[in-house]
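Single-letter residue listing:
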Amino acid sequence: MAATPGTCSGPPQARARRRAKATKRKHGVSSDAPPAKRRNEMSFLSAKKTSEKETQRTFKVKSHKKFSPKKYSVNAGDGKQEEKPCIKTSSLFKNNPEIPELDRPVVKQAREQVFTPEAFHELGLHPHLISTINTVLKVSSMTSVQKQSIPVLLKGRDALVRSQTGSGKTLAYCIPMVQSLQAVKSKIQRSDGPYALVLVPTRELALQSFDTVQKLLKPFTWIVPGVLMGGEKRKSEKARLRKGINILISTPGRLVDHIKSTKNIHFSRIQWLVLDEADRILDLGFEKDITVILNAINTQCHKRQNVLLSATLTEGVTRLADISLHNPVSISVLDKSHDQSTPKGRAGQGVAPPQTSDRLDSFAIPESLEQHVTLVPSKLRLVCLAAFILQKCKFEKDQKMIVFFSSCELVEFHYNLFLQTLSSSEGPPTLRQAPSASTRLKFLRLHGNMEQEERTAVFQEFSCSRAGVLLCTDVAARGLDLPQVTWIVQYNAPSSPAEYIHRIGRTARIGCHGSSLLILAPSEAEYVNSLASHKINVSEMKMEDILSILTIDDCFKVRRRENQKSQAVGPQEIRERATVLQTVFEDYVHSSERTVSWAKKALQSFIGAYAAYPRELKHIFHVRSLHLGHVAKSFGLRDAPRNLSVSAVKRRKGKLKRLDLRKKTQSQQHLAQVLRSEYSSGLEAAGAKVRNRSTQEASSQHPASRGRGKRQVPPPPRTIGARRGQRKDKPSQMVF
Ligand SMILES: Nc1ncnc2c1ncn2[C@@H]1O[C@H](COP(=O)(O)OP(=O)(O)OP(=O)(O)O)[C@@H](O)[C@H]1O
């Protein structure tokens, strides 16, 4: 057992210290020292030194008793159990970088009016279509984008449509499409094949669009909709194509696959081509697939209507518009009176944000969406996220939250961790006995390496739930209409402002209220300016306010000896309770070699994703600014993994030099390739997919070994510096 300060004296104390040191060496516990410039304590928590020591001492003793078993039983690999001494949680609140004053420029966000007073029956639609819109979809008045788009499309024009997330773009193209197809003179036959083709970037979106089309077609039973999206057996899709699909909804990859391999697919009657979430289609590197599809359609049919829709209008979208639209009408709902990029005032000091020179790059955000940002040192990220989830989804009623991560591995790791520790009936004893345990936290996860069946089930379950937390990658960022989502949390910052807009756009849809929280490290504070330059306004939420929720629930209270009174109040109490929560996470992660390995893989995936931020954001998100020891804590690891060491760097050095030469040209392609793994046609490497497992199984399998995720790249080309032997005052950082 490690020496406990204050309980030993004289030679026994020295012996205990030596033993503690030896244990530290044995388990590779390294210095917790930060870079010299980061040594300041966080200001809000700077309690008096003496009382701090006192509490740490007491806490160590008690926490050891209550939360940290003396020995862990660890699977030694050959089936035998081996007992290993526990290493206690090191201080979460020491040596953190100072949290900077957020220099937050106040910008005037672009606004759009969601609803109009106009009703659908004013459009001259088929009466059955109007009654379906009113009774089945239960909508009566048009949104702004619908009011502007439907008449244009009914006239047969091509259109480039841009309006904010959750403003009803799907109906904006589906209604005129159904209106025109039901009116086709010689009634459409199923065997005619496709009259309309709708391309969407993800499978969930394909299902969602299919659902809307299917509802609108209720009175027009002779028109058959169908969806191709991968994840299903190619054979059964071929059979459905052979029978005939008149409105075909597909992901690009899957459609290209059928164009190449299915004889029964033809486009001679195509009258509509819709590219929904066009910018995402491009981001994912589907441009080549779109070209293949356009070529296939162009050779068989010459006159058709083309529609391109997106919530964000990027250069890529206009490029795609150039190749796919013919003399289009450009529809943008942006409220002109709000479209001014001049910053009005500033909440902090500092330089003015760069002006938006390109209107393509500014985005409209729903007025009912409140955006927040919080600056959290790496060590505290995990407890901060957990505290926020508890605050919103456990202590408040009917809250539905989506948490975005940058890779599949990160989603799997956090999903399993939270399921085992925060979900009350399965959590460790400390949390299981929580007085508030009656409110059970429901966790779900969604990412591109899950089997399609499970993805669909999760999507539907979360759609129908009144409350719960969905942990996901950007596979859920675009287009998904998940009702009543109240909070969006971005645990890993998105790689572009467009991505930011789409992620937060999963809440505050169609006039509803919603909020978002972006979690940044202190070194990433400048990202707020980057958002401001795109007219995105975020207000700060203080980390201590998030952590203070832990004082509500006594399951996080430090148990003391009966004769010891609790001195902790205010910030000190928050520190203690946050440490209790961190200890719960660390205990779980260190409870077996397998869980340690999960955490390490997740950490590696995080570093890989961090290294893959685009060049224009590298000055904010650079692997060099990561303190590995601190980041490791946010994965419940008590120490930076040793296998990410100097020797590994040396081994890779030769390889790296060669890679460096090709890196520039390949990096974009590689990123697109990696991103596409989330959105693949579903035909490749089925073996790499996550099996549909029960919760119990899920927690006992390796989450990180199941393929790749968004922005997750293979072990980072640059790796981590050796921790051992480093001087205490030297930062443990990336070595290049
Ligand atoms: N006129 C309307 N009145 C009320 N609700 C509507 C109306 N039109 C659409 N909706 C609903 O609004 C929600 C959002 O619509 P939709 O998914 O089409 O938005 P979107 O603009 O495509 O969003 P994103 O850009 O995120 O894909 C859906 O649940 C839809 O049923």
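- The protein chain appears in an unreviewed UniProt entry as ATP-dependent RNA helicase from Heterocephalus glaber.
- The UniProt entry for the protein chain carries the following text under Sequence similarities (unreviewed entry): "Belongs to the DEAD box helicase family. DDX31/DBP7 subfamily."
- Per UniProt, the comment on the protein chain under Catalytic activity (unreviewed entry) is "ATP + H2O = ADP + phosphate + H(+)".

## Notes on the overall build of the protein chain
Move 1: From N to C terminus, the protein chain includes 23 helices and 22 strands.
Move 2: Within the protein chain, buried positions represent 57% of all 736 residues.

## Notes on the nonpolar core
Move 1: Among the nonpolar cores identified, the biggest contains 88 residues, and Val 403, Phe 418, Leu 547 and Phe 635 are the most heavily contacted of them.
Move 2: Ranked by residues supplied to this core, first place goes to helix H12 (residues 381-394) with 10 residues.
Move 3: For Leu 547, the contacting residues outside a window of four places in its chain are Phe 93, Leu 380, Val 383, Cys 384, Ala 387 and Ile 574.
Move 4: Membership of the second largest hydrophobic core comes to 46 residues, among which are Ile 133, Met 142, Leu 205 and Leu 217.

## Things to note about the sheet that holds strand E11 (residues 305-310)
Move 1: Taking strand neighbours across the sheet as the criterion, the seven strands line up as E8-E9-E7-E10-E11-E6-E12 in an open arrangement whose pairing is parallel. Bordering the open sheet on either side are strand E8 (225-228) and strand E12 (329-332), each of which pairs with just one other strand. Taken pair by pair, the neighbouring strands of this sheet meet at an average axis angle of 15°, ignoring direction.
Move 2: Together, strand E6 (159-162), strand E10 (272-275), E11 and E12 form the strand contacts of helix H4 (residues 144-154), whose direction differs from that of E12 by roughly 165°.
Move 3: Sitting on the sheet, helix H8 (residues 252-261) touches strand E7 (196-199), E8 and strand E9 (247-250), and the angle it makes with E9 is about 115°.

## Re the UniProt feature "short sequence motif: Q motif" (unreviewed entry) in the protein chain
Move 1: Mapped onto this numbering, the UniProt entry annotates "short sequence motif: Q motif" (unreviewed entry) at residues 118-147.
Move 2: Helix makes up 43% of residues 118-147 and strand 17%, whereas the separation of the span's terminal C-alpha atoms amounts to 8 Å.

## Structural notes on the pattern of salt bridges
Move 1: For the structure shown, the criterion picks out 22 salt bridges.
Move 2: Here Arg 509 makes a salt bridge to Asp 481, at a shortest N to O gap of 2.7 Å. On the criterion of sequence distance, the pair formed by Arg 509 in the loop between helix H16 (497-504) and strand E19 (514-520) and Asp 481 in the loop between strand E17 (468-472) and strand E18 (487-490) is long-range, its members being 28 residues apart.
Move 3: Overall, the relative accessible area of 13% leaves Arg 509 in the buried class.
Move 4: Two residues, Lys 542 and Glu 540, come together in a salt bridge whose shortest N-O distance is 3.6 Å.
Move 5: Note on Lys 542: relative accessible area 35%, which makes it partly exposed.
Move 6: Take Glu 540: its relative accessible area is 27%, and that puts it in the partly exposed class.

## Details of the side chain of Ser 634
Move 1: Summarising the element assignment, Ser 634 is placed in the loop between helix H21 (628-633) and helix H22 (646-679).
Move 2: The residues contacting Ser 634, other than those within four sequence positions of it, are Ser 378, Arg 381, Leu 382, His 414 and Tyr 491.

## Description of unusual backbone geometry
Move 1: One non-glycine residue, Glu 277, adopts positive backbone phi at about 50°.
Move 2: Mapped onto the elements, Glu 277 comes out in the loop between E10 and helix H9 (278-283).

## What about the site of the ligand?
Move 1: Residues in contact with the ligand amount to 21 residues; listed here are only the nearest, Gln 146, Lys 169, Thr 170, Glu 277 and Asp 481.
Move 2: The backbone of Ser 141 places a nitrogen or oxygen atom 2.8 Å from a nitrogen atom of the ligand.
Move 3: Within the side chain of Glu 277, an N or O atom sits 2.8 Å from an oxygen atom of the ligand.
Move 4: Across the complex, the protein chains shield 85% of the 640 Å² of accessible surface that the ligand would expose by itself.
Move 5: At the level of secondary structure, the elements contributing two or more residues to the shell around the ligand comprise strand E5 (141-143) and helix H5 (169-182).
Move 6: Ranked by residues supplied to the shell around the ligand, first place goes to H5 with three residues.
Move 7: Residues of the shell around the ligand, tallied by class, amount to six nonpolar, 10 polar and five charged.
Move 8: The two domains that each donate at least three residues to the shell around the ligand are domain 2 (115-361) and domain 3 (369-556 + 567-592).

## Remarks on helix H11 (residues 315-324)
Move 1: Buried within H11 are the following residues: Gly 316, Val 317, Leu 320, Ala 321 and Ser 324. The buried residues of H11 occupy one face: seen down the axis, they fall within an arc of 140°. Facing away from the buried side of H11 by over 90 degrees, the exposed positions are Glu 315 and Asp 322.
Move 2: Taken together, the buried residues of H11 touch E6, E10, H9, helix H10 (287-300) and E11.

## Considering H10
Move 1: For H10, spanning 14 residues, the distance from its first C-alpha to its last is 20 Å, which sits close to the expected 20 Å at 1.5 Å a residue.
Move 2: The set of residues buried in H10 consists of Asp 289, Ile 290, Ile 293, Leu 294, Ala 296 and Ile 297. Along the long axis of H10, the arc covered by the buried residues comes to 160°, so they all point the same way. Exposed and oriented more than 90 degrees from the buried face of H10 are Lys 288 and Thr 299.

## Things to note about the sheet that holds E17
Move 1: Strands sit in the order E16-E17-E15-E18-E19-E14-E20 across an open sheet of seven strands; the sheet is parallel. Taken across any chain shown, the strands that pair with only one partner, and hence form the sheet edges, are strand E16 (443-446) and strand E20 (539-540).
Move 2: Examined bridge by bridge, E18 and E19 share four bridges and lie parallel to one another. Of the residues in E19, the one forming a bridge with Trp 487 is Ser 515.
Move 3: Each of strand E15 (400-404), E16 and E17 touches helix H15 (residues 452-464); the most contacted strand, E16, lies at about 135° to it.

## Brief notes about the packing of H4 against H5
Move 1: At a minimum axis distance of 9 Å, the contact between H4 and H5 shows a crossing angle of 25°. Our classification of the angle between H4 and H5 gives roughly parallel. Where H4 crosses over H5, the handedness of that crossing is right-handed. Contact with H4, carried on its side by Val 145, Gln 146, Ser 149, Ile 150, Leu 153 and Leu 154, involves Lys 169, Leu 171, Ala 172, Tyr 173, Ile 175, Pro 176 and Gln 179 of H5 and no other residues of that element.

## Re the packing of aromatic side chains
Move 1: Under the defined criterion, the tally for this structure stands at 12 aromatic pairs.
Move 2: Seen in terms of ring centroids, Phe 418 and Phe 585 are 5.9 Å apart; in terms of plane orientation they differ by 50°. Their pairing is tilted. Of this pair, Phe 418 sits in helix H13 (residues 408-421) while Phe 585 sits in helix H19 (residues 570-589); the two residues are 167 residues apart in sequence, bridging distant segments of the chain.
Move 3: With relative accessibility at 0%, the residue Phe 418 sits in the buried group.
Move 4: Since its relative accessible area comes to 0%, Phe 585 is described here as buried.
Move 5: Through a chain of ring-to-ring contacts, three or more aromatic side chains come together here, namely Phe 413, Tyr 527, Phe 606, Tyr 610, Tyr 613, Phe 621 and Phe 635.
Move 6: Above the plane of the ring of Trp 222 lies Lys 187, whose end atom (NZ or CZ) is 4.1 Å from the centre.

## Points about the environment of Gly 505
Move 1: With respect to the helices and strands, Gly 505 occurs in the loop between H16 and E19.
Move 2: As a C-alpha pair, Gly 505 and Ile 365 span 140 residues in sequence and 7.8 Å in three-dimensional space.

## Some points on the environment of Lys 442
Move 1: If you trace the backbone, Lys 442 turns up in the loop between helix H14 (429-432) and E16.
Move 2: Overall, the relative accessible area of 31% leaves Lys 442 in the partly exposed class.
Move 3: Each C-alpha atom, one on Lys 442 and one on Lys 400, is 9.7 Å from the other, the two residues being 42 residues apart in sequence.
Move 4: Apart from the residues lying within four places of it in its own chain, the contact partners of Lys 442 are Glu 461, Ser 465, Ala 467, Gly 468 and Val 469.
Move 5: Here Glu 461 takes part through its side chain, which lies 3.3 Å from a polar atom of the side chain of Lys 442.
Move 6: Within the structure, Lys 442 has its side chain in polar contact with the side chain of Ser 465 (distance 3.0 Å).

Each value, and the rule that gives it
- Residues numbered from 1 in each chain as written.
- Predicted model: local features only at pLDDT ≥ 70, side-chain atom pairs only at ≥ 80, totals over all residues.
- Heavy atoms only, no water.
- UniProt positions renumbered as here; feature names shortened; annotations may be inferred.
- Helix = DSSP H or I, 4+ residues; strand = E, 2+ residues; numbered from the N terminus.
- Buried < 20%, exposed > 50% of the residue type's maximum accessible area, 1.4 Å probe, protein only.
- Core = buried A, V, L, I, M, F, W, Y, C linked by side-chain atoms within 4.5 Å.
- Contact = heavy atoms within 4.5 Å.
- Pairing = 2+ DSSP bridges.
- Axes fitted to C-alpha atoms, helices over the stretch in contact; angles between N-to-C directions.
- Salt bridge = Lys/Arg side-chain N within 4 Å of Asp/Glu carboxyl O.
- Near = heavy atom within 4 Å.
- Polar contact = N/O pair within 3.5 Å; in protein donor to acceptor, adjacent residues only side chain to side chain.
- Areas by Shrake-Rupley, 256 points an atom, 1.4 Å probe, with all protein chains shown as cover.
- Nonpolar A, V, L, I, M, F, W, Y, C, P; charged D, E, K, R; others polar.
- Domains from an automatic or database assignment.
- Arc of directions from axis to C-beta.
- Expected span 1.5 Å × (residues − 1).
- Parallel < 35°, antiparallel > 145°, perpendicular 65-115°, else oblique.
- Left-handed = near helix turned anticlockwise from the far one by under 90°.
- Phe/Tyr/Trp six-rings, centres within 6.5 Å; stacked < 30°, edge-to-face > 60°.
- Lys NZ or Arg CZ within 6 Å of the ring centre and 35° of its normal.

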